[in-house]
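Structure assessment
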Amino acid sequence: MILRSAKLEDAADIAAIFNDAIMTSMAVWKEQPVSSDDRASWMQARLDAGHPVIIAEENGQVLGYASYAQLSGNEGYRFCVEDSIYVHPDAKGKGVGRIMLTELIQLARDQGKHSMVSEMDAGNEGSKALHRKLGFTEVGRIPHAGFKLGEWRDLLILQLMLDEA
């Protein structure tokens, strides 16, 4: 498996992985699939802002993608980023998420970021376990923050401090 920077040509694979998460899980609180053009615009916005978008690939197949962006648009948040990690359904449980998140953490440190947060569905056991293995700790929970597929969903917030400051 290799990690590489995403290219706009990856937008269809990224959309397919994201759409699987939309349609089969609570990993993202969207209910409608997205297009390749949507993901290309998303990717370009991340890259234009200086945020990485990385691809995990093996034998030419995209196994997952990951990125981070500033937590909020306000400049006071410029040292805090939020991660996004999505793994192809056939690659789940094979360490792909861990490899991508480890790389994101290093990239954020290299960019001088102070902390990384992850906001997730409180019932997303896989994501919670992954983040906790890499040192993230729970810093907040918002009951009934989202609604998907007829259910109220709790938002869990985990954080990793990236530097000593």
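As a starting point, this report considers the structure included with it. (Residues numbered from 1 in each chain as written. Predicted model: local features only at pLDDT ≥ 70, side-chain atom pairs only at ≥ 80, totals over all residues. Heavy atoms only, no water.)

This next bit is on the overall build of the chain. Broken down by element type, the chain carries four helices and seven strands. When the elements of the chain are put in sequence order from the N terminus, they spell out β-α-α-β-β-β-α-β-α-β-β. Here the chain has a C-alpha radius of gyration of 15 Å; the compact-globule value for 165 residues is 15 Å, and the two agree. Principal axes of the C-alpha set define a box for the chain whose edges measure 40 × 40 × 30 Å. Counting over 165 residues, the chain shows a buried share of 45%. Here the contacts in the chain between residues at least 6 apart in sequence split such that 60% fall between residues at least 24 apart. Carbon and sulfur atoms form 49% of the exposed surface of the chain, whose accessible area is close to 8,600 Å². For the chain, the separation between the mean place of its 17 positive charges and that of its 24 negative charges on side chains is 4 Å. (Helix = DSSP H or I, 4+ residues; strand = E, 2+ residues; numbered from the N terminus. Rg over C-alpha atoms; globule rule 2.2 N^0.38 Å. Buried < 20%, exposed > 50% of the residue type's maximum accessible area, 1.4 Å probe, protein only. Contact = heavy atoms within 4.5 Å. Areas by Shrake-Rupley, 256 points an atom, 1.4 Å probe, with all protein chains shown as cover. Lys, Arg positive; Asp, Glu negative; His and termini not counted. Charge placed at Lys NZ, Arg CZ, Asp CG, Glu CD.)

The subject of this paragraph is the packing of helix H1 (residues 11-24) against helix H2 (residues 36-48). As a packed pair, H1 and H2 sit with axes 8 Å apart at the nearest point and diverge in direction by 105°. The angle between H1 and H2 falls in the class roughly perpendicular. Two secondary-structure elements touch here, H1 through Ala 11, Ala 12, Ile 14, Ala 15 and Phe 18 and H2 through Ser 36, Arg 39, Ala 40 and Met 43. Of the residues in the contact of H1 with H2, the class split is seven nonpolar, one polar and one charged. (Axes fitted to C-alpha atoms, helices over the stretch in contact; angles between N-to-C directions. Parallel < 35°, antiparallel > 145°, perpendicular 65-115°, else oblique. Nonpolar A, V, L, I, M, F, W, Y, C, P; charged D, E, K, R; others polar.)

Its volume calculated, the largest pocket comes out at about 910 Å³. Along the wall of the largest pocket there are 39 residues; nearest its centre are Ala 27, Ile 85, Tyr 86, Asn 124 and Ser 127. Of all the secondary-structure elements, those providing two or more residues to the lining of the largest pocket are H1, strand E3 (61-70), strand E4 (80-87), helix H3 (96-110), strand E5 (115-121) and helix H4 (125-133). Of the residues contributing to the lining of the largest pocket, the split by class is 17 nonpolar, twelve polar and ten charged. (1 Å grid on protein atoms, 1.4 Å probe; cavity = no way out; pocket = protein on both sides within 12 Å on 5 of 7 lines; lining within 4 Å. Points joined across faces, edges and corners; volume = space filled by probe spheres on them.)

Direction of pairing for E5 relative to strand E7 (residues 151-161): antiparallel, over a ladder of seven bridges. Note on E7: the bridge partner recorded for Asp 121 is Leu 155. Note: strand E6 (residues 137-148) against E7, eight bridges, orientation antiparallel. Bridge pairing in E7 places Thr 137 opposite Gln 159. Between E6 and E7, which pair antiparallel and follow one another directly, the connecting turn spans two residues, one of which, Leu 149, has a positive phi of 50°. (Pairing = 2+ DSSP bridges.)

Once that is clear, we can look at the nonpolar core. Counting residues in each nonpolar core, the largest one holds 25 residues, and the members touching the most others are Ile 85, Met 100, Leu 101, Ile 105 and Met 116. By residue number, the principal contributor to this core is H3, which donates six residues. Every residue in contact with Met 116, bar those within four places of it in the chain, is listed here: Tyr 68, Val 81, Asp 83, Leu 101, Leu 104, Ile 105, Ala 108, Phe 136, Leu 158, Gln 159, Leu 160 and Leu 162. By size, the runner-up hydrophobic cluster in this structure holds 18 residues, among which are Ile 17, Ile 22, Val 34 and Met 43. (Core = buried A, V, L, I, M, F, W, Y, C linked by side-chain atoms within 4.5 Å.)

This part is about unusual backbone geometry. Residue Asn 59 is not a glycine yet carries a positive backbone phi of 50°. Here Asn 59 shows up in the loop between strand E2 (53-58) and E3. Despite not being glycine, Leu 149 has its phi angle at roughly 50°, a positive value. Tracing the sequence through the fold places Leu 149 in the loop between E6 and E7.

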